[in-house]
Amino acid sequence: MLDAIIVGGGISGLRCAIEFARQGVSYKLCESNDHFGGRCSSQYFDGFVLDRGFQVLLDSYTEVTSLIELDSLNFKTFMSGAMVHTSRGNRFLLDPSKDKRKLWAFWKMLTSDVGTFRDKWRLFRLKMQKGLERTQRTESASVADYLAGSFTSRFNSEFMSPFWESVFLADLQSVPATHFFELFPFFASGSGGLPENGMQAIPDSMVDLLDKNQLVLNKAAKQITENAVEFEDGELIAAKNVVLAVPYSKAQDLLAADDKNHHGRKASCIYYEAPEPPFELPILFLTGCDQKFVRTVSIPTNLHAGYSSNGNALICVGLAPGLDANQAEIRAETKNVLRELFSAVVDDWQVITHMQIPDALPPIDCKPLFPTDSISVCGDYLSVPSINNALGSGRATALRVIETL
Ligand SMILES: Cc1cc2nc3c(=O)[nH]c(=O)nc-3n(C[C@H](O)[C@H](O)[C@H](O)COP(=O)(O)OP(=O)(O)OC[C@H]3O[C@@H](n4cnc5c(N)ncnc54)[C@H](O)[C@@H]3O)c2cc1C
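Residues numbered from 1 in each chain as written. Predicted model: local features only at pLDDT ≥ 70, side-chain atom pairs only at ≥ 80, totals over all residues. Heavy atoms only, no water.

**Quick notes on the sheet that holds strand β7 (residues 81–86)**
Read from one edge of the open sheet, seven strands run β8-β7-β15-β16-β17-β14-β18, paired in mixed fashion. This sheet does not close on itself; its edge strands, each paired only once, are β8 (89–94) and β18 (350–361). (Pairing = 2+ DSSP bridges. Helix = DSSP H or I, 4+ residues; strand = E, 2+ residues; numbered from the N terminus.)

**Here's the deal with the packing of helix α6 (residues 143–150) against helix α8 (residues 177–189)**
For any two helices packed against each other, the geometry comes down to the angle between their axes and how far apart the axes lie. Where α6 contacts α8, the two axes come as close as 7 Å, and the packing angle between them is 75°. Of the possible angle classes, the one that applies to α6 and α8 is roughly perpendicular. Residues Val 143, Tyr 146 and Leu 147 of α6 pack against Ala 177, Phe 180 and Phe 181 of α8. Of the residues assigned to the contact of α6 with α8, the class counts are six nonpolar, no polar and no charged. (Axes fitted to C-alpha atoms, helices over the stretch in contact; angles between N-to-C directions. Parallel < 35°, antiparallel > 145°, perpendicular 65-115°, else oblique. Contact = heavy atoms within 4.5 Å. Nonpolar A, V, L, I, M, F, W, Y, C, P; charged D, E, K, R; others polar.)

**Examining the nonpolar core**
Ranked by size, the top nonpolar core spans 85 residues in total, and within it Phe 20, Phe 159, Trp 164 and Phe 180 carry the most contacts. Ranked by residues supplied to this core, first place goes to α8 with eight residues. With sequence-adjacent residues up to four places away left out, Trp 164 is seen in contact with Leu 172, Phe 180, Leu 183, Phe 184 and Phe 187. In this structure, Met 79, Leu 94, Ile 315 and Trp 349 belong to the second largest nonpolar core, which totals 26 residues. (Core = buried A, V, L, I, M, F, W, Y, C linked by side-chain atoms within 4.5 Å. Buried < 20%, exposed > 50% of the residue type's maximum accessible area, 1.4 Å probe, protein only.)

**A few points about the domain arrangement of the chain**
When the parts come together, some accessible area is lost, and that loss is often what is quoted as the size of the interface. According to the domain assignment, the chain contains domain 1 (2–41 + 200–262 + 365–404), domain 2 (43–77 + 194–198 + 265–361) and domain 3 (115–188). For domain 1 versus domain 3, the separation of C-alpha centres amounts to 33 Å. With five residues of domain 1 at the interface, the matching set in domain 3 holds five residues. Summing both partners gives a buried area of about 360 Å² for domain 1 against domain 3, and 72% of it is carried by carbon and sulfur. Counting across the domain 1 and domain 3 interface gives zero salt bridges. Split by residue class, the side of domain 1 that touches domain 3 holds two nonpolar, three polar and no charged. (Domains from an automatic or database assignment. Buried area = accessible area lost by both parts, 1.4 Å probe. Salt bridge = Lys/Arg side-chain N within 4 Å of Asp/Glu carboxyl O.)

Below, the structure is given as structure tokens:
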């Protein structure tokens, strides 16, 4: 009998498998999809690399860097900070400590009218971990409360809110401040970037560390018992331990949880192909919250030309959460907003795909699941969702299972 069977080949399941392989545990990993990576993946379509929504890997993610040599992925980082659209024009807000042109970035930061001097000083203090006094941690119920108590409303509406909304994929009033305190240090100490071949390179390089004979694609678990998994194709695989590395909604189903919460956080974006990028810098563009359709614009080809094989620019437009309109309407309104931001050049942009990801992140209030002695769970929903925490959860779960063997 196998020591363990892992259900789910996202990055948490793969990380769990790597730990088993390292410690000589016999296992099989079964993934329902035709590729590994789950939500951390890419599609290769018509010569373009389309990540599953706009995602970035932070070079401060220690769970990743302790496993994968980022240079081997040809990982490159975006400029730290953002270009911010305001009613007064586009403004840079950069982190001079991370920019190659430190003096230029420092000057841009200092003279930017996004935020007062006090806002920038508080952000700097926060970055140095001095702003997180215990009282602030406990008194701020939500991220919105914390930001409102710490920065001016203009700084929040032009920079902090659109940025953190695009990280948490939710209204910041609904996100506990603790989630911000957990993720902020990674952003403060690291830079976000992309592997040359897209986010899929992360699970692909994890698969390279494993014996392919133990990995099975297109195999969906139907139900689980203490020591076996029954698959949709009728096969039953027995194992001493079952590790569920599936998304929260699926884990609830397989564990027959009471009182299910299937309201995951949605993300949507439109990928465009354009003869020229609207700006050349590898930087995140924040559109501000004064219109209801577009939140971010990123241009992966400004970082890696190989995201497009025909020399055209690949542009990823992140849409606001919870848009209540049909796809055609959303595309038309998005084009109008983009025309205002970047002028009539956007009329030459062609839609490649309008990606809608219903369960991009787990619900904010995930109720605890109740695995048993021989059934374990891992996945990003066990803490604040991120690539780093998904990997950490896979590793920790593997170690717990190994202790029982
Ligand atoms: C649009 C978007 C943007 C994001 N941005 C960022 C970012 O910038 N930075 C960051 O750190 N994180 C980001 N994330 C979050 C990050 O991608 C996830 O936290 C992480 O990939 C979750 O990994 P996981 O293994 O826990 O879950 P998943 O990736 O969901 O893996 C679960 C796997 O289980 C499989 N499965 C499901 N049901 C079955 C079944 N019955 N049988 C077998 N297999 C099954 C699924 O196919 C999937 O492969 C983003 C996510 C999205 C979607």
